[in-house]
Amino acid sequence: MAQKGVQLDEEAFSCSICLDLLKVPVTIPCGHSYCLNCINSFWDEEDQKKLHCCPQCRKTFTPRPVLLKNTMLAVLVEELKKTGLQAAPADHCYAGPKDVACDVCTGRKLKAVKSCLVCLVSYCEKHLQPHYDVAPLKKHKLDEPSKNLNENICSHHDEVMKMFCCTDQQFICYLCSVDEHKGHDTVSAEAERTERQRELEGSRQQIQQRIQDREKDVKVLQQEVEALNRSAEKTVEDSEKIFTELIRLIEKRSSEVKQQIRSQQETEVSRVKELQEKLEQEITELKRKDAELEQLSHTEDHNQFLQKYCSPTHLVKYSYFSTSKPNFLQYFDQLQEAISQVTKKLQDIQDMGWTNMSLTLTDMGVLLLREPKTRDEFLTYSHQIILDPNTVNKRLSLSEDDREVTYMKYEQSYSDHPDRCTDTYQVLSREGLTGRCYWEVEKGKAGVVVAMTYKDSDTVDEKFGDNDTSWALGIYSSRYEFRHNNVTTPVSGPRSSTIGVYLDHSAGILSFYSVSETMTLLHRVQTTFTQPLYAGLYLYGPNGNSAELCELETTECTSCGVVF
């Protein structure tokens, strides 16, 4: 309790700008106190406006207040530095609200060190001594201090309950055994305890055996996971080889068919050109004959006409074409039909194979992978976070790509929006996150809070961690702290300007990591998430403090959080 009180004192005497204990404390007119250098630096940046405000309540002062050292605060801070972390001397000997007090002590009671199950009294170390020195008292049974000793007193007869009624399954005193429990099956409490102790040992053995069995099962499952991973990798390699070979064979067959078509094309074109030449020769011969006949038709000499005239029946008749479709065109049609049939069969085989593979995967179920360990493993779940301009506080400025936020001296000209954070210097991501996701933040020169939260209009202006729907890690110059449901927990870990956040929504896991050459877990949350989670950033002053969402690279998208 003393340590908790000291923690509250430290917060009360801390500067809200640098977040450390006050150095040369000064109090401004509104009543808030700061380090002299911190508030002067803050106001130096506001001199252009001729208005000087309180960083906490935003009350303005004109002209700039003259600051003097608050002597009383300075004395208290120095005293806190000297004695704040020391427990009050001798207080550890006295009983507090949660301690068992000695029943014999008068005045301020000391802590009890033992309770006597025969006397039904709790004793401090001093008053317990007779139980070690006096022979009759040495036989009494001592136990750890207990506040429930009165539960061993019979409410009817005001006697110690040393017996157990097996019939009614309750503790009784010896008067109860001859009164309302007369004729019941009764044993001494010690005998019943011995029997129950035997049962307890049997139960423990069963539980321990079950633990061993389950540990074996877990080991078997781990081996199955390893075997599944190895099998999956081999299957992927084999399938790539098979499909590569199949593609090669199809390309080879395609080349052969193309070559065959071109060869047939060349043969048929050559044949057609040969026929074309013969036809052209015949046409030329027919035109010559026609010219001779025309000239003969104009001959006046009957004898000469009859000598030169040849009957048309003597003309040669050529038949180069049949009335049916040419054979070479039929060949191409038949070849195209054959290719179409092969394509359809390949498609049917592919569809059937994919269906069988999908059914196999469905029967196997979904295997959830273990939580990543190395940064490369985390990066397989990397997710690009984009900040939402509709939620950003007007004292924060977003970069053009909405991935960096900066604390500004003046308010920005954002339009009003129901989702905007108006009372807290924070901003949310555009999209809610589910499944497995990982993202990183690079903090600036001052304090930053990295959070995951539900998007609730009722809590949009509550600071991250002040309610039960947000989980926040504060990163400051000399410490970390985790905050949830208005409860702050100190966090230890190596200092780093880069913080990684890993979410497994379905498993209810949220983890914060210090990122450097290695990944160091700072804090893990295990709960049940009922809504999508939005990434959030909260910035402290001074002006220019920033936080940037890191650009991460990954080879595949696994934000769904599961792998087959």
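Residues numbered from 1 in each chain as written. Predicted model: local features only at pLDDT ≥ 70, side-chain atom pairs only at ≥ 80, totals over all residues. Heavy atoms only, no water.

K.L.:
Would you explain the overall build of the protein in this entry?
P.N.:
Along the protein, the regular secondary structure elements total 11 helices and 23 strands. Put simply, the protein has 564 residues, and 29% of those count as buried. Of the contacts formed within the protein by residues at least 6 apart in sequence, a portion of 55% connects residues at least 24 apart. When the accessible surface of the protein is summed, it comes to about 37100 Å², and 53% of that surface belongs to carbon and sulfur atoms. (Helix = DSSP H or I, 4+ residues; strand = E, 2+ residues; numbered from the N terminus. Buried < 20%, exposed > 50% of the residue type's maximum accessible area, 1.4 Å probe, protein only. Contact = heavy atoms within 4.5 Å. Areas by Shrake-Rupley, 256 points an atom, 1.4 Å probe, with all protein chains shown as cover.)

K.L.:
Would you mind going over the UniProt feature "coiled-coil region" (unreviewed entry) in the protein with me for this structure?
P.N.:
Sequence positions flagged by UniProt for "coiled-coil region" (unreviewed entry) are, in local numbering, residues 197-238 and 262-299. Between the end C-alpha atoms of residues 262-299 the distance is 55 Å, and the span holds 95% helix and 0% strand. (UniProt positions renumbered as here; feature names shortened; annotations may be inferred.)

K.L.:
Got a minute to help me understand the confidence of the model for the protein in this structure?
P.N.:
Detailed reading of the predicted model is not advised wherever pLDDT is low. Summary statistics for the protein give a mean pLDDT of 82 and a share of 86% for residues scoring 70 or more. Predicted confidence for residues 85-90 stays below pLDDT 50, and this span has four contacts to residues more than four positions away or in other chains. Throughout residues 555-564 the model reports pLDDT below 50, and contacts reaching past four residues in sequence, or to other chains, amount to 22 contacts. (pLDDT = per-residue confidence, 0-100.)

K.L.:
Please clarify how the pairing of strand β15 (residues 448-453) should be interpreted in this entry.
P.N.:
Summarising burial for β15: six of the six residues are buried, a large majority. Burial along β15 is two-sided: Val448, Val450 and Met452 facing one way and Val449, Ala451 and Thr453 facing the other are all buried. Relative to strand β16 (residues 470-475), β15 runs antiparallel, the two being bridged by six bridges. Within β16, the position partnered with valine 449 by the bridge is glycine 474. (Pairing = 2+ DSSP bridges.)

K.L.:
Would you explain the sheet that holds β15 in this entry?
P.N.:
Judged by pairing direction, the sheet is antiparallel, and its six strands sit side by side in the order β13-β22-β15-β16-β17-β18 without closing on themselves. Edge positions in the sheet fall to β13 (426-428) and β18 (487-491), since each has one partner strand and no second. The mean angle between the axes of side-by-side strands here comes to 20°, regardless of whether they run parallel or antiparallel. Pairing geometry for strand β17 (residues 480-484) and β18, over five bridges, is antiparallel. Across the sheet, residue histidine 484 finds its bridge partner in β18, namely valine 487. (Axes fitted to C-alpha atoms, helices over the stretch in contact; angles between N-to-C directions.)

K.L.:
Explain the sheet that holds strand β20 (residues 509-515) here, please?
P.N.:
Strands in a sheet are paired, the pairing made by backbone hydrogen bonds, and the direction either parallel or antiparallel. Pairing within the open sheet is antiparallel, and its seven strands lie in the order β11-β12-β23-β14-β19-β20-β21. Among the strands making up the open sheet, the edge pair consists of β11 (396-398) and β21 (519-526). The sheet shows a mean angle of 20° between the axes of neighbouring strands, direction not considered. Bridge count between β20 and β21: seven bridges; the pairing is antiparallel. Among the inter-strand pairings, serine 511 is bridged to a residue of β21, identified as arginine 524.

K.L.:
Where do I start with the nonpolar core in this structure?
P.N.:
General note: in soluble globular proteins, nonpolar side chains tend to be found buried as a group. Of all hydrophobic cores here, the largest spans 46 residues; its most connected members are Val405, Trp439, Val450, Met452, Leu510 and Leu537. If you tally residues by element for this core, the top one is β15, at five residues. Here leucine 510 is in contact with Met452, Trp471, Val501, Tyr502, Leu503, His523, Arg524, Val525 and Phe529, once residues within four sequence places are set aside. Among the nonpolar cores identified, the runner-up in size contains 19 residues, and Cys15, Ile17, Phe61 and Val77 belong to it. (Core = buried A, V, L, I, M, F, W, Y, C linked by side-chain atoms within 4.5 Å.)

K.L.:
Would you explain the pattern of salt bridges in this entry?
P.N.:
A pair can form between side chains of opposite charge whenever their charged atoms are brought close. By the definition in use, this model includes 22 salt bridges. Between glutamate 274 and lysine 278 there is a salt bridge; the shortest N-O distance is 3.9 Å. Residue glutamate 274 and its partner lysine 278 are both found in helix α8 (residues 189-297); the two are separated by four residues, about one turn of the helix. For glutamate 274, a relative accessible area of 44% puts it in the partly exposed group. Residue class for lysine 278 comes out partly exposed when judged on its relative accessible area of 40%. For lysine 394, the salt bridge goes to aspartate 416, with nearest N and O atoms at 3.3 Å. Taken together, the positions of lysine 394 in the loop between α11 (375-379) and β11 and aspartate 416 in the loop between β12 (404-407) and β13 put the pair 22 residues apart, joining distant regions of the chain. For lysine 394, a relative accessible area of 24% corresponds to the partly exposed category. Within the structure, one salt-bridge network assembled from shared partners comprises Glu285, Arg288 and Glu292. (Salt bridge = Lys/Arg side-chain N within 4 Å of Asp/Glu carboxyl O.)

K.L.:
How should I be thinking about the packing of aromatic side chains in this particular structure?
P.N.:
In this description, a pair of aromatic rings is defined by centroid distance and the angle of the planes. The final tally for this structure, using the stated rule, is 12 aromatic pairs. Relative to tyrosine 502, the ring of phenylalanine 378 lies with its centre 5.5 Å away and its plane at 85°, an arrangement referred to as edge-to-face. Of this pair, phenylalanine 378 sits in helix α11 while tyrosine 502 sits in strand β19 (residues 498-504), and the two are 124 residues apart along the sequence. Accessibility classification places phenylalanine 378 together with tyrosine 502 in one group, the buried group. Relative to tyrosine 502, the ring of tyrosine 381 lies with its centre 6.3 Å away and its plane at 70°, an arrangement referred to as edge-to-face. One end of the pair, tyrosine 381, is in the loop between α11 and β11; the other, tyrosine 502, is in strand β19, with 121 residues separating them in the sequence. (Phe/Tyr/Trp six-rings, centres within 6.5 Å; stacked < 30°, edge-to-face > 60°.)

K.L.:
How should the side chain of asparagine 393 be read in this particular structure?
P.N.:
Tracing the chain through its elements places asparagine 393 in the loop between α11 and β11. A distance of 3.1 Å separates a polar side-chain atom of asparagine 393 from the backbone oxygen of threonine 424. Setting aside residues no more than four positions away along its own chain, asparagine 393 makes contact with Tyr414, Cys421, Thr422, Asp423, Thr424, Tyr425 and Gln426. (Polar contact = N/O pair within 3.5 Å; in protein donor to acceptor, adjacent residues only side chain to side chain.)

K.L.:
Looking at this structure, how should I read the environment of valine 66?
P.N.:
In this fold, valine 66 is placed in the loop between β4 (60-61) and α3 (71-83). Linking valine 66 and valine 26, residues 40 residues apart in sequence, is a C-alpha distance of 10.0 Å.

K.L.:
Help me out: how do you make sense of the pairing of strand β22 (residues 534-539) in this one?
P.N.:
Two faces make up the sheet, and in a regular strand the side chains alternate between them. Burial analysis of β22 places six of its six residues in the buried class, the great majority of the element. By the alternation rule, side chains of β22 split into Tyr534, Gly536 and Tyr538 and Ala535, Leu537 and Leu539, which are all buried. Bridge analysis of β13 against β22 gives three bridges, and the strand direction is antiparallel. Across the sheet, leucine 428 pairs through a bridge with glycine 536, a residue of β22. With six bridges joining them, β15 and β22 adopt antiparallel strand pairing. Paired with threonine 453 across the two strands is tyrosine 534, which belongs to β22.

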